[in-house]
Amino acid sequence: MERPQENGPAEAVSESVIRRLRSALNRLSRCNQFIADDERLFFADLIDALGAHSASACCAESVCLDLEQAYWRLEDWAADKPESPGSISVGDAIAEALLTRVVSAPHPYLVCCERQLPQDVSPLLRRVFCRDIRAVQALAEVPWLALARRCCPRLAEMAAPDEETQRQEGGDGGGCALLQRLRCASDWSAHCDAIADFVYEHALPPYRGAKAFYVDHGPPAALRPVRAFDAFELDWLEGNKERIEVLHRNTRHFLAGNKAHNALIWGPRGGGKSSLVRGLIERHWREGLRGIEIAPEDYGVLRAICDGVRGRRERFIGFLDNISLERGDSALHHLSRVLEGGLESMPDNIVFYATSNFKDLVDRQGERVQGLGLMQMGGEGGASTSRGVRPDWYDPQQHQRVDELRALDDRFALKVFVDLPRKDQYESIVLSYARRAGIEWPDEEVIRVFIQWSMRHNHDLIGGRTARDFVRYLEQDERGKKRG
């Protein structure tokens, strides 16, 4: 590719350059995903504008305006592509966007490399990928800004990118090193195996580097990464050790590739139920555990979310925090339908952990459950019914009325009770949080101020949340003293 001069009067771009640009764009397969069909138009429009300028006998204002607008549309496209394994360009944005897409776009070959060993992926797909990245490389090596400046006086007035500040690198499991190798490579396809191995280890966006996700309703419904995961150390939880171990054992069994139980974590507010789930994710995310935050308004798209994660190598906890349902709630129907399954089984790589202040997920408005129905009762009760004799207390529609409500509860096979800590335990929590925050008061003074503070602010139930809020109060007080 000829390198145009940066300064001087407007010049035409040679026809051979225009042909090479069109050829590179046309060599991309329709399934490439590096440049989608609608995005091809941005490149095609700029190439056509360069060609029109080259064919124009004089540098007409309308021709220059078309070229300028086409260039800015393409650069805006490039600036809107943030997914990268660790590179941010403030120089040639178009070339950098194409480069990072080679390791981040959902090309069919890379999608397969996410889910299985690259050597097991179809050789045909690998050949298509290599051909596509050679075409992308041809487009990335084009000095788009220099070409546009050469033709358009207004673009020529722009300051040249500062080479010293063009790239800022951040770490991402070897992604930066891989990008640097590609920048220096004469043939990107020679690094096909390195790209495949990187994607197998680190996945594609949005899964790359994310510990947890939230649900974007779209359409279509999809997962979006939680940018700042609220991490919690599992060892910080005091008390409930045996009960926590029940859930931890279930999670480890799940991570080992086995089917696991859905779990309901219930107990009084502030006891650390949500922190327990966050702690499990933080403890095991390097082993492939991920969280999906599921709000009540997400229940209607749960099936689409399950379809999206089916077959992936990661293991997902669907986290339903502070769940509370009432009769007639449409969310009850949606959630029950997904958890109960149907003709299609639930994915093996997702399990649901819910938290609630109540052991029963659905408020039954005082309905009294009368134990097992007669069909499940042996002895005289069942025999008397079979002879047409019915006890006075028996309600023939008892189970029909509560069955829908019980069905949802039954989908959470584990019921883990998380109680508030005892006095010695919550004092240990307070002191532990204070030390982590850098507060070096004597233990007795910290506890004395904590008791006074909790009573003053009407904290009738004391758990981890109360301890956390108190330590934040101490931090504010300490900063105030330093400023004074």
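Everything numeric in this text was worked out from a predicted model, so none of it was measured. The residue numbering used here restarts from 1 in each chain and proceeds along that chain's sequence as written. Residue-level local features of this predicted model are given only where pLDDT is at least 70; pairs of side-chain atoms are given and counted only at 80 or more, and the full residue set underlies all totals for whole chains, interfaces and linings. Side-chain measures here rest on the full set of heavy atoms in the structure, leaving out hydrogens and waters.

Visitor: I keep staring at the overall build of the protein and nothing clicks. Help me out?
Guide: Helix and strand counts for the protein come out as 19 helices and 11 strands. Long-range pairs, those at least 24 residues apart, make up 75% of the contacts in the protein with a sequence separation of at least 6. Carbon and sulfur atoms form 49% of the exposed surface of the protein, whose accessible area is close to 25,200 Å². Numbering of helices and strands runs from the N terminus, with a helix taken as a DSSP run of H or I at least four residues long and a strand as a DSSP run of E at least two residues long. By definition, residues are in contact when any of their heavy atoms lie within 4.5 Å. Working definition of accessibility: Shrake-Rupley area with a 1.4 Å probe, residue cover restricted to the visible protein chains.

Visitor: Sorry if this is basic, but what is going on with the pattern of salt bridges here?
Guide: By definition, a salt bridge exists where a carboxyl oxygen of Asp or Glu is found within 4 Å of a side-chain nitrogen of Lys or Arg. Tallied over the full model, the rule gives 21 salt bridges. One salt bridge in this structure joins Arg 252 and Glu 245, with 2.6 Å as the shortest N-O distance. On the basis of relative accessible area, Glu 245 is assigned to the partly exposed category, the value being 29%. When salt bridges with common partners are traced through the structure, they connect Arg 30, Asp 37 and Arg 40 into a single cluster. Residue exposure (1.4 Å probe, protein chains only): buried if accessible area is under 20% of the type maximum, exposed if over 50%, otherwise partly exposed.

Visitor: Teacher, can you tell me more about the packing of helix α2 (residues 37-55) against helix α7 (residues 144-151) here?
Guide: What describes two packed helices is the angle between their axes and the distance between those same axes. Orientation is described by axes fitted as lines to C-alpha atoms, over the contacting stretch for helices, and by angles from 0 to 180 degrees between their N-to-C directions. It is the contact of α2 with α7, at a shortest axis distance of 10 Å, that shows an interaxial angle of 35°. Considering only the axes of α2 and α7, their crossing is left-handed. Counting all contacts with α2, which are made through Phe 43, Leu 46, Ile 47, Leu 50 and His 53, the residues of α7 involved are Trp 144, Leu 147 and Cys 151. Crossing handedness: left-handed means the near helix sits turned counterclockwise from the far one by under a right angle, and right-handed means the same turn made clockwise.

Visitor: I keep staring at α7 and nothing clicks. Help me out?
Guide: Given 3.6 residues per turn, any residue in an α-helix points the same way as the ones three and four places further on. With respect to burial, α7 is a largely interior element, 8 of its 8 residues being buried. Here α7 has its buried residues at Trp 144, Leu 145, Ala 146, Leu 147, Ala 148, Arg 149, Arg 150 and Cys 151.

Visitor: Just to check I follow, could you spell out the state of the cysteines for this structure?
Guide: Cysteine pairs can be linked by a disulfide, which is a covalent bond between their two sulfur atoms. Disulfides are defined in this document as cysteine sulfur pairs within 2.5 Å. Summed over the entire model, instances satisfying the criterion amount to 0 disulfides. Looking at the unpaired Cys 112, the closest cysteine sulfur is the one in Cys 113, lying at 7.0 Å. Look at Cys 112 and you get partly exposed, because its relative accessible area is 23%.

Visitor: Can you walk me through the confidence of the model for the protein in this structure?
Guide: Atomic detail in the predicted coordinates should be set aside for any region of low pLDDT. Looking at the protein as a whole, its pLDDT mean stands at 81, while 78% of the residues score no less than 70. One confidence number per residue, pLDDT, is output by the predictor and ranges from 0 to 100. This model gives residues 1-9 a pLDDT under 50, and the stretch forms 18 contacts once residues within four places in sequence are excluded. Residue range residues 162-171 is modelled with pLDDT below 50. Its contacts to residues more than four positions away, or to other chains, number 21 contacts.

Visitor: What exactly am I supposed to notice about the environment of Arg 283 here?
Guide: Its location among the elements puts Arg 283 in helix α12 (residues 273-284). The spacing of Arg 283 and Asp 235 is 48 residues in sequence and 9.5 Å in space, taken between C-alpha atoms. Apart from residues no more than four positions distant in its own chain, Arg 283 is found in contact with Leu 234, Asp 235 and His 248.

Visitor: Even after reading the chapter, I still don't get the layout of surface pockets, so can you show me in this structure?
Guide: To find leftover empty space, a probe the size of one water molecule is rolled over the atoms. Residues are called lining when one of their atoms sits within 4 Å of a cavity or pocket point, these points coming from a 1 Å grid over the protein atoms alone, where a cavity is a set in which a 1.4 Å probe fits but cannot get out and a pocket is an open set with protein on both sides within 12 Å along at least five of seven lines. Grid points are joined across faces, edges and corners, and a volume is the space filled by probe spheres set on the points. Here the second largest pocket defines a volume of roughly 720 Å³. Around the second largest pocket, the lining is made up of 35 residues, and of these Phe 232, Ser 275, Arg 278, Tyr 433 and Arg 468 lie nearest the centre. If you list the elements that add at least two residues to the lining of the second largest pocket, you get α12, α17 (423-436) and α19 (464-483). Any residue that is not Ala, Val, Leu, Ile, Met, Phe, Trp, Tyr, Cys, Pro, Asp, Glu, Lys or Arg is counted as polar, Gly included; the first ten are nonpolar and the last four charged. By residue class, the composition of the lining of the second largest pocket is 12 nonpolar, 11 polar and 12 charged.

Visitor: For this particular structure, what's the right way to read the nonpolar core?
Guide: Proteins that are soluble and globular tend to have nonpolar side chains buried together. Nonpolar cores were defined as sets of buried Ala, Val, Leu, Ile, Met, Phe, Trp, Tyr and Cys residues, with membership established by side-chain atoms within 4.5 Å. Residues Phe 43, Leu 50, Leu 98, Trp 144, Trp 188 and Ile 195 are the most contacted members of the largest nonpolar core, which totals 59 residues. What Leu 50 contacts, discounting residues up to four positions off in sequence, is Val 13, Ile 18, Leu 21, Leu 67, Leu 147 and Cys 151. Ile 281, Leu 289, Ile 429 and Tyr 433 belong to the second largest nonpolar core, which has 39 residues in total.

Visitor: What am I meant to see in the sheet that holds strand β9 (residues 350-356) here?
Guide: In any sheet, the strands associate via hydrogen bonds between backbone groups, in a parallel or an antiparallel arrangement. Two strands make a pair as long as DSSP finds a minimum of two bridges between them. A sheet is described by the order of its strands in space; here 7 strands give the open sequence β4-β3-β6-β7-β9-β5-β11, paired in mixed fashion. With partners counted over all chains shown, the strands left at the sheet margins are β4 (222-225) and β11 (414-417), one partner each. The mean inter-strand angle of the sheet, taken between neighbouring strand axes irrespective of direction, is 30°. In terms of strand pairing, strand β5 (residues 263-266) meets β11 through 4 bridges, oriented parallel. Residue pairing for β11: Ala 263 is matched across the bridge by Leu 414.

Visitor: I'm lost on the packing of aromatic side chains in this one. Help?
Guide: To describe a pair of aromatic rings, you give the distance between the ring centres and the angle between the ring planes. Note on aromatic pairs: the rings of Phe, Tyr and Trp (six-membered ring only in Trp) are paired at centre separations within 6.5 Å, and the planes decide the class, stacked below 30 degrees, edge-to-face beyond 60, tilted for the rest. Taken as a whole and assessed by the stated rule, the structure comprises 16 aromatic pairs. Geometrically, the ring pair formed by Tyr 207 and Phe 316 is edge-to-face, given 6.2 Å between the ring centres and 70° between the ring planes. Residue Tyr 207 is found in the loop between α10 (192-202) and β3 (212-216), and its partner Phe 316 is found in strand β7 (residues 315-320); the two are separated by 109 residues along the sequence. Owing to a relative accessible area of 13%, Tyr 207 belongs among the buried residues under this scheme. Between Phe 450 and Phe 470, the aromatic rings sit 5.1 Å apart at their centres with planes inclined by 70°, giving edge-to-face as the arrangement. With Phe 450 in helix α18 (residues 443-456) and Phe 470 in helix α19, this pair connects stretches of sequence that are 20 residues apart. When sorted by exposure, Phe 450 lands in the same class as Phe 470, which is buried. The ring of Tyr 207 has Arg 312 lying over it, and the distance from NZ or CZ to the ring centre is 3.6 Å. Should the NZ of a Lys or the CZ of an Arg lie within 6 Å of a ring centre and within 35 degrees of the ring normal, that charge is described as sitting over the ring. We note Arg 315 situated over the ring of Phe 254; from NZ or CZ to the ring centre the distance is 4.5 Å.

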